[in-house]
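Inside the fold
The chain contents come next:
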Amino acid sequence: MEQGYQIALRPLCRVLQSEQVDPANVTMLRESIVRAGHWLEPIIVERSRGIVMDGNHRFNAALQLGLKRVPCIQLDYTDPRVCVRHWQTGQAFEVAQIFTTIARGELFPYKTTRHAFDPALPMVAIPLERLYA
């Protein structure tokens, strides 16, 4: 199995938030991204539907910045590099529940799911001006 992750610039309108976020964290993250002038950490999304696996705060920061595209790593839940658990209990999380909840137009509460990726995810350095187009 290919170990490397591919970075795609996915239209923000094709990314779906999956969990509620802490607005203060979004503000701090947005300011940090602006200070850096670059997008540094890709958002991890489920390939077919664009559901955020990891990066709901980054997604909201991108919305606030008015970006058109965001750097994403697009994966499937069947990918052996992806593991999803309940944030509090550490028990395996039923992936079907993610799809049905998002399909109903609902968000999970803050810190419901915890996605782990092996190997670790890469960082990027994409100039913000590339993401406004």
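Residues numbered from 1 in each chain as written. Predicted model: local features only at pLDDT ≥ 70, side-chain atom pairs only at ≥ 80, totals over all residues. Heavy atoms only, no water.

**Some details on the packing of aromatic side chains**
All told, the structure shown has two aromatic pairs when counted by the stated rule. A centroid spacing of 5.8 Å and a plane angle of 85° characterise the contact between tyrosine 77 and phenylalanine 99, whose relative ring orientation is edge-to-face. One end of the pair, tyrosine 77, is in the loop between strand S5 (69-75) and strand S6 (82-86); the other, phenylalanine 99, is in helix H3 (residues 95-103), with 22 residues separating them in the sequence. The buried category is assigned to tyrosine 77, whose relative accessible area is 14%. (Phe/Tyr/Trp six-rings, centres within 6.5 Å; stacked < 30°, edge-to-face > 60°. Helix = DSSP H or I, 4+ residues; strand = E, 2+ residues; numbered from the N terminus. Buried < 20%, exposed > 50% of the residue type's maximum accessible area, 1.4 Å probe, protein only.)

**Things to note about the UniProt feature "domain: ParB-like N-terminal" (unreviewed entry) in the protein**
Look at the UniProt record and you will see "domain: ParB-like N-terminal" (unreviewed entry) annotated at residues 5-101. Counted over residues 5-101, helix gives 32% and strand 27%. Its end C-alpha atoms are 27 Å apart. (UniProt positions renumbered as here; feature names shortened; annotations may be inferred.)

**Some words on the pattern of salt bridges**
Using the criterion set out here, one finds six salt bridges in the structure. Put simply, arginine 81 and aspartate 79 hold a salt bridge, and the shortest N to O gap is 2.8 Å. As far as burial versus exposure is concerned, arginine 81 and aspartate 79 are alike and both buried. Connected through shared salt-bridge partners, Glu41, Asp54 and Arg58 make up one network. (Salt bridge = Lys/Arg side-chain N within 4 Å of Asp/Glu carboxyl O.)

**Here's the deal with the sheet that holds strand S4 (residues 52-54)**
Spatial ordering of the open sheet is given by S1-S5-S3-S4, a layout of four strands whose pairing is mixed. In the strand order of this sheet, the two ends are held by strand S1 (7-11) and S4, each with one partner. On average, each strand axis in the sheet is tilted by 55° relative to the strand beside it, whichever way the strands run. With four bridges connecting them, strand S3 (residues 43-46) and S5 associate as parallel partners. Bridge pairing in S5 links glutamate 46 to leucine 75. Contacts from helix H2 (residues 56-65) reach S3, S4 and S5 within the one sheet, and its direction differs from that of S4 by about 120°. (Pairing = 2+ DSSP bridges. Axes fitted to C-alpha atoms, helices over the stretch in contact; angles between N-to-C directions. Contact = heavy atoms within 4.5 Å.)

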